[in-house]
Amino acid sequence: MSGFNNELVLPKDKHKVVYNGDFRDMGVLQARYGNSLVNDLGSGDVLGIHDAVLNNGTHIHIATIATVLKNVQTGATIGAKTWTTGKKTEYANFINLIFIVNGTDAMSDWNGNVTFDSSNITGAPVANYIVRYGDRLYTDDTTKRLRVHKSSIPTASAITWDTTTGFFDVEGSGDFITGLHAARNTLMVFTNEDVEIRYF
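Here's a quick rundown of the structure. All values reported here derive from a predicted model rather than from experimental measurement.

Scoring rules and cut-offs
Residues numbered from 1 in each chain as written. Predicted model: local features only at pLDDT ≥ 70, side-chain atom pairs only at ≥ 80, totals over all residues. Heavy atoms only, no water. Helix = DSSP H or I, 4+ residues; strand = E, 2+ residues; numbered from the N terminus. Buried < 20%, exposed > 50% of the residue type's maximum accessible area, 1.4 Å probe, protein only. Contact = heavy atoms within 4.5 Å. Areas by Shrake-Rupley, 256 points an atom, 1.4 Å probe, with all protein chains shown as cover. Pairing = 2+ DSSP bridges. Axes fitted to C-alpha atoms, helices over the stretch in contact; angles between N-to-C directions. Phe/Tyr/Trp six-rings, centres within 6.5 Å; stacked < 30°, edge-to-face > 60°. Core = buried A, V, L, I, M, F, W, Y, C linked by side-chain atoms within 4.5 Å.

Right, let's talk about the overall build of the protein for a bit. In terms of helices and strands, the protein carries zero helices and 15 strands. Every one of the 200 residues in the protein was classed for burial, and the buried ones make up 38%. Of the contacts formed within the protein by residues at least 6 apart in sequence, a portion of 38% connects residues at least 24 apart. As presented, the protein carries roughly 12400 Å² of accessible surface, and 51% of it is formed by carbon and sulfur atoms.

Written out as structure tokens, the structure is:
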């Protein structure tokens, strides 16, 4: 092997940097050619983007741009509702609605057409994070920084919120919640210090 030189065989503990590599498929490494402009959504920061599943099963991408919700494919503003500018937005699909939170404004829901804010959000907390887990929605609470609220289980495609009993407080060393995530049979609650895993 004296004098052997092959750029694909590297010495132990060495690595090569790959730029724009696509590792999703087995076999030969493919080049990924960067980003594509889907649509011009106007001026303003993109504060959230979501794959919305509508009543009829179709998917559209929606995004919060500055203060409004837009259809990413068409660039059209959705409805007349506006949100506080500069606030990161999170979304969850549930009971044929898209629920929207941003940490400042009251929770909103959208029916996939033009209607916002049904009775399904009455009593819901103002939240930074929202996730569907099992048969409920879960959110944090901007006023009680280690509290997680849960919706009711749907009845006739409707949910309610009871912030006096429908919650649990996160244990551990954290000071505030930094995210919620549903994974298989667990609800993960992230704080600035640790993560709490709940099984329901």
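We now examine the sheet that holds strand E9 (residues 130-133). One open sheet accounts for four strands, arranged E9-E10-E11-E12; its pairing is antiparallel. Of all strands in the sheet, those bounded by a partner on one side alone are E9 and strand E12 (167-169). Averaged over all neighbouring strand pairs, the angle between strand axes comes to 25 degrees, with direction disregarded. Relative to strand E10 (residues 136-139), E9 is paired through four bridges, and the arrangement is antiparallel. Bridging across to E10, Val131 finds its partner in Tyr138.

On to the environment of Thr85. Note on placement: Thr85 falls in the loop between strand E5 (68-71) and strand E6 (90-94). On the accessibility criterion, Thr85 (52% relative accessible area) is exposed. Spatially, the C-alpha atoms of Thr85 and Thr67 are 5.0 Å apart, while their sequence positions differ by 18 residues. Setting aside its immediate chain neighbours within four residues, Thr85 contacts Ala66 and Thr67.

Right, let's talk about the packing of aromatic side chains for a bit. Per the counting criterion, the structure on display carries three aromatic pairs. Centroid distance Trp83 to Phe116: 5.8 Å. Interplanar angle 70 degrees. Geometry classified as edge-to-face. Residue Trp83 is located in the loop between E5 and E6, and its partner Phe116 is located in the loop between strand E8 (108-110) and E9; the two are separated by 33 residues in the primary sequence. The burial state of Trp83 is the same as that of Phe116; both residues are buried.

One can find Leu146 in the loop between E10 and strand E11 (147-150). Exposure remark for Leu146: the relative accessible area of 23% places this residue in the partly exposed category. Distance from Leu146 to Thr191, taken between C-alpha atoms, is 8.1 Å for residues 45 residues apart in sequence. Apart from the residues within four sequence positions on either side, Leu146 is in contact with Phe168, Asp169, Val170, Gly174, Asp175, Phe176, Ile177 and Thr191.

Phe99, Met107, Ile130, Leu137 and Ile159 are the most contacted members of the largest nonpolar core, which totals 14 residues. Listing elements by their share of this core, those giving two or more residues are E6 and strand E7 (97-101). Per-element tally for this core: the top contributor is E7, with three residues. Apart from residues no more than four positions distant in its own chain, Leu137 is found in contact with Ala92, Phe94, Phe99, Ile130, Val131, Arg132, His149, Lys150, Ser151, Ile159 and Trp161. In terms of nonpolar packing, the next biggest core, distinct from the first, is built from twelve residues, Leu54, Leu69, Ile78 and Tyr91 among them.

Note that all results are geometric; they support no functional claim without further evidence.
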